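Notes for the structure review
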Amino acid sequence: MGEVLLHHDRVRPEWIDYNGHLSEPYYVLVFGDATTALMDAVGLDPAYRESTGASLYTVEAHVRYLREVGPDAELIVTTSVLAVGVKKARLWHELHVGGELVATEELLCLHVAEGRASPFPEAVAERLGAHLAPLPEHAGRAIA
């Protein structure tokens with residue numbers, strides 16, 4: 001199994017919904033920040049984006065909300081890579097609170113340059129590959 005990346009955050013008061021729990025869009029915000037941390041770790045950082053005009057685009061996402069998250073909770077996201085192709089990567093995020101899994105997000109991402117899918121630079125593909133992990137049980141599931 002490859003290296004798993006960690007991203008830490010904390011629930012802010014403005015993220016709490018009318019039911020007193022973490023509101024739906026903020027799960028995705030935290031997962032998005034974890035994706036950005038992965039991008040930075042593999043060389044798709046701001047300097048890369050500025051010098052090449054290329055970036056990683058999410059083209060599909062699947063979020064599972066498993067447990068409610070309360071105010072001021074400490075959030076830990078683990079991020080791994082499920083697959084790397086020439087132009088695409090499949091990512092897996094798990095959100096934990098107090099050691100309990102509370103949500104997951106699976107992403108299909110494309111490397112895009114000049115408005116089109118384009119191959120990853122070899123070094124980036126290799127660094128993404130260093131984070132490869134086995135498919136989790138729920139990866140690839142459709143809404144039933």
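All of these numbers come straight from a predicted model, not from anything done at the bench.

1. Side note on the overall build of the protein
Helix and strand content of the protein: three helices and six strands. When the helices and strands of the protein are read in sequence order from the N terminus, they spell out β-α-α-β-β-β-β-β-α. For the C-alpha atoms alone, the extent of the protein along its principal axes is close to 45 × 30 × 30 Å. Of the contacts made within the protein by residues no fewer than 6 positions apart, 68% connect residues no fewer than 24 positions apart. Put simply, the protein shows about 8,000 Å² of open surface, and 53% of that area lies on carbon and sulfur atoms. Charge separation in the protein, taken as the distance between the mean sites of 11 positive and 21 negative side-chain charges, equals 6 Å.

2. Things to note about the pairing of strand β4 (residues 88-97)
Relative to β4, strand β3 (residues 74-84) runs antiparallel, the two sharing eight bridges. Along β4, the bridge assignment pairs V81 with L91. Where β3 folds back on β4, the antiparallel hairpin that results is connected by three residues. Where β4 meets strand β5 (residues 100-113), 10 bridges bridge the pair, whose relative direction is antiparallel. Paired with L91 across the strands is L107, a residue of β5. Between β4 and β5, which pair antiparallel and follow one another directly, the connecting turn spans two residues, one of which, G98, has a positive phi of 55°.

3. Describing the environment of Y27
With respect to the secondary-structure elements, Y27 resides in helix α1 (residues 24-42). Here Y27 falls in the buried class, since its relative accessible area comes to 6%. Residues Y27 and A113 lie 86 residues apart in sequence; the distance between their C-alpha atoms is 28 Å. Beyond its immediate stretch of four places on either side in the chain, Y27 contacts L22, Y65, R67, E68, V69, L95 and A103.

4. Concerning α1
With 19 residues, α1 ought to run about 27 Å at 1.5 Å a step, and its terminal C-alpha atoms sit 28 Å apart, in line with that. Here α1 has its buried residues at Y27, V30, F31, A34, T35, L38, M39 and V42.

5. Here's the deal with a nonpolar patch on the surface
Among the surface-exposed residues, M1, V4 and L6 lie close enough to one another that they form a single nonpolar patch of about 330 Å² accessible area. Note that V4 resides in the segment before β1 (5-10). The class for V4 is partly exposed, based on a relative accessible area of 31%.

6. Description of the nonpolar core
With 16 residues, the main nonpolar core has L38, L44, L91, F120 and L128 as its most contacted residues. If you tally residues by element for this core, the top one is α1, at three residues. Apart from the residues within four sequence positions on either side, L44 is in contact with M39, R49, L56, H111, F120 and V124. Ranked by size, the runner-up nonpolar core spans 14 residues in total, among them Y27, A34, V69 and A103.

7. Quick notes on the packing of α1 against helix α3 (residues 122-129)
The packing of two helices is summarised by the inter-axis angle and the distance between the axes. Axis separation between α1 and α3 bottoms out at 9 Å; the angle between their running directions is 125°. Comparing the axis directions of α1 and α3 gives the class oblique. Where α1 crosses over α3, the handedness of that crossing is right-handed. Facing L38, A41 and V42 of α1, the residues of α3 in contact are V124, R127 and L128. Tallied by class, the residues present in the contact of α1 with α3 amount to five nonpolar, no polar and one charged.

Each value, and the rule that gives it
Residues numbered from 1 in each chain as written. Predicted model: local features only at pLDDT ≥ 70, side-chain atom pairs only at ≥ 80, totals over all residues. Heavy atoms only, no water. Helix = DSSP H or I, 4+ residues; strand = E, 2+ residues; numbered from the N terminus. Contact = heavy atoms within 4.5 Å. Areas by Shrake-Rupley, 256 points an atom, 1.4 Å probe, with all protein chains shown as cover. Lys, Arg positive; Asp, Glu negative; His and termini not counted. Charge placed at Lys NZ, Arg CZ, Asp CG, Glu CD. Pairing = 2+ DSSP bridges. Buried < 20%, exposed > 50% of the residue type's maximum accessible area, 1.4 Å probe, protein only. Expected span 1.5 Å × (residues − 1). Patch = residues over 30% accessible without salt bridge, like charges linked within 9 Å, V, L, I, M, F, W, Y side chains within 5 Å. Salt bridge = Lys/Arg side-chain N within 4 Å of Asp/Glu carboxyl O. Core = buried A, V, L, I, M, F, W, Y, C linked by side-chain atoms within 4.5 Å. Axes fitted to C-alpha atoms, helices over the stretch in contact; angles between N-to-C directions. Parallel < 35°, antiparallel > 145°, perpendicular 65-115°, else oblique. Left-handed = near helix turned anticlockwise from the far one by under 90°. Nonpolar A, V, L, I, M, F, W, Y, C, P; charged D, E, K, R; others polar.

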